[in-house]
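# Report on the structure
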Amino acid sequence: MTATTTASMAATPARTARPPSARLRSWATRAPLLPALIFMIVVTQLPFVATLVISFFDWNALYPKARHFTGLDNYHQVLTDPDLRHSVWTTVLLTAAVVLVSLILGLGLALLLDRRFRGRGIVRTLLIAPFLVVPVAAALLWKHVLYNPEYGLLNGLLHYVGGPQPDWISNTPLLAVEASLVWQWTPFMMLILLAGLQSRDHQQIEAARVDGASDWQIFRHLTLPHLRRYLELGALLGSIYIVQNFDAVFTLTSGGLGTANLPYTVYQSFYQAHENGLASAAGVLVVIGSIVIATFALRVVSSLFREEVSRA
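Model, not experiment: these values are computed from the prediction.

About the criteria used
Residues numbered from 1 in each chain as written. Predicted model: local features only at pLDDT ≥ 70, side-chain atom pairs only at ≥ 80, totals over all residues. Heavy atoms only, no water. Helix = DSSP H or I, 4+ residues; strand = E, 2+ residues; numbered from the N terminus. Buried < 20%, exposed > 50% of the residue type's maximum accessible area, 1.4 Å probe, protein only. Contact = heavy atoms within 4.5 Å. Areas by Shrake-Rupley, 256 points an atom, 1.4 Å probe, with all protein chains shown as cover. UniProt positions renumbered as here; feature names shortened; annotations may be inferred. 1 Å grid on protein atoms, 1.4 Å probe; cavity = no way out; pocket = protein on both sides within 12 Å on 5 of 7 lines; lining within 4 Å. Points joined across faces, edges and corners; volume = space filled by probe spheres on them. Nonpolar A, V, L, I, M, F, W, Y, C, P; charged D, E, K, R; others polar. pLDDT = per-residue confidence, 0-100. Core = buried A, V, L, I, M, F, W, Y, C linked by side-chain atoms within 4.5 Å. Axes fitted to C-alpha atoms, helices over the stretch in contact; angles between N-to-C directions. Parallel < 35°, antiparallel > 145°, perpendicular 65-115°, else oblique. Left-handed = near helix turned anticlockwise from the far one by under 90°. Phe/Tyr/Trp six-rings, centres within 6.5 Å; stacked < 30°, edge-to-face > 60°. Lys NZ or Arg CZ within 6 Å of the ring centre and 35° of its normal.

### Overview of the overall build of the protein
- When helices and strands are tallied, the protein shows 16 helices and 2 strands.
- Taken across its 312 residues, the protein has 32% of its residues classed as buried.
- In the protein, the share of contacts with a sequence separation of at least 24, taken over all contacts with a separation of at least 6, comes to 69%.
- When the accessible surface of the protein is summed, it comes to about 19400 Å², and 67% of that surface belongs to carbon and sulfur atoms.

Structure representation (structure tokens):
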């Protein structure tokens, strides 16, 4: 064995030193995210666990010493109490109406903004503006600027044409809440659907035009199937937020006239009746419903990403 071979064999262990284990590398990659993860757990998960525990107790804040474990009685009361069941139905009706109307209006506006015309950027900015307004401020705007029976804009226009002067909130309370939420959430739907329209295959559309397809046929057979995922995403995300809406109901009607949804009922049970256990049970049901909807939303988002990756 020559000296050169011996030297190379001696140097081999130094060159083939064991690299750090995969586990250490993964921990080194995730370590910067740990503070944010811990903060999120402390801020979101621990309060939810506390709410879940309280929901199993008959706990009135006015009589703290009388609290006792009741199991699922609070959940049974939430699901069987007529007022609470009415609030659940109101929540479903409010969410469905706002999401459906917002999607239809958002689709129309998205189709408009997908065309090229002078001032399109300004129009887009103006249409997005309602979504940027603080929810409480938007509700106050509708309550005082539009709905007020004495100096509101709607009654002012009706007075100008000689029409009636209705009290919008008293006569149509649920419709008044729905209209304010539609105004605020239509820009959100418009942005999602506009992104879907701009991701279409324009060569396919031009080929359809060459073959003699009309605008309605292109929309029905090409555009609408392409927007199906985006429509689902808008509906799911809108449902997650609107089912938890509190600002519009509290500001416009204070939960009266049959407009109390489940979040407002939770507030009423907790802050007015001081029934901590009952309010916690209703809050847990709201969270569970939101998680179910969010699960479907995440699946739709994942499918959209997979489609975009496959096209690339």
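### What about the UniProt feature "transmembrane region" (unreviewed entry) in the protein?
- When the UniProt feature table is mapped onto this chain numbering, "transmembrane region" (unreviewed entry) sits at residues 33-57, 88-113, 125-145, 174-197, 230-257 and 277-301.
- For residues 88-113, helix accounts for 100% and strand for 0%, while the C-alpha atoms at its two ends are 37 Å apart.

### Focus: empty space enclosed by the protein
- Taken as a whole, this structure holds 1 cavity of 30 Å³ or more when the rule is applied.
- Within this model, the largest cavity holds a volume of roughly 40 Å³.
- Along the walls of the largest cavity sit Pro 135, Ala 138, Ala 139, Ser 180, Leu 181, Gln 184, Asn 245 and Ala 248, which together make up its complete lining.
- Taken together, the residues of the lining of the largest cavity sort by class into 5 nonpolar, 3 polar and no charged.

### Points about the confidence of the model for the protein
- Within the protein, residue pLDDT values average 81, and 90% of them lie at 70 or more.
- In the model of the protein, helix α1 (residues 3-15) stands out as the element of lowest mean pLDDT, 48, in contrast to helix α10 (residues 173-198), which has the highest, 90.
- Segment residues 7-18 is flagged for pLDDT under 50; beyond a separation of four residues in sequence, or across chains, it makes 2 contacts in the model.

### Some remarks on the nonpolar core
- Leu 94, Val 177 and Leu 181 are the most contacted members of the largest nonpolar core, which totals 39 residues.
- At 13 residues, α10 tops the list of elements feeding residues into this core.
- When neighbours within four sequence positions are excluded, Leu 94 is seen to be in contact with Leu 174, Val 177, Glu 178, Leu 181, Ile 242, Val 249 and Asn 261.
- Membership of the second largest hydrophobic core comes to 11 residues, among which are Tyr 75, Leu 278, Ala 281 and Ala 282.

### Some details on the packing of helix α11 (residues 202-210) against helix α12 (residues 215-226)
- Running from N to C, α11 and α12 point in directions that differ by 135°, and their axes come no closer than 10 Å. Between α11 and α12, the interaxial angle falls into the category oblique. In this structure, α11 crosses over α12, and the sense of that crossing is right-handed. Here Gln 204, Ile 205, Ala 208 and Arg 209 of α11 come into contact with α12, specifically with Asp 215, Ile 218 and Leu 222.
- Residues belonging to the contact of α11 with α12 are distributed by class as follows: 4 nonpolar, 1 polar and 2 charged.

### Focus on the packing of aromatic side chains
- The final tally for this structure, using the stated rule, is 16 aromatic pairs.
- Between Phe 56 and Tyr 75 the ring centres are 5.8 Å apart and the planes differ by 50°, which places this aromatic pair in the tilted class. Taken as a pair, Phe 56 in the loop between α3 (34-54) and β1 (57-58) and Tyr 75 in helix α4 (residues 73-80) lie far apart in primary sequence, 19 residues in all.
- Between Trp 142 and Tyr 147, the ring centres sit 5.4 Å apart and the planes meet at 55°, which makes this aromatic pair tilted. Assigned by exposure class, Trp 142 and Tyr 147 land together as buried.
- For the cation-ring pair, Arg 67 lies above Trp 59, with the distance from its terminal atom to the ring centre recorded as 4.7 Å.

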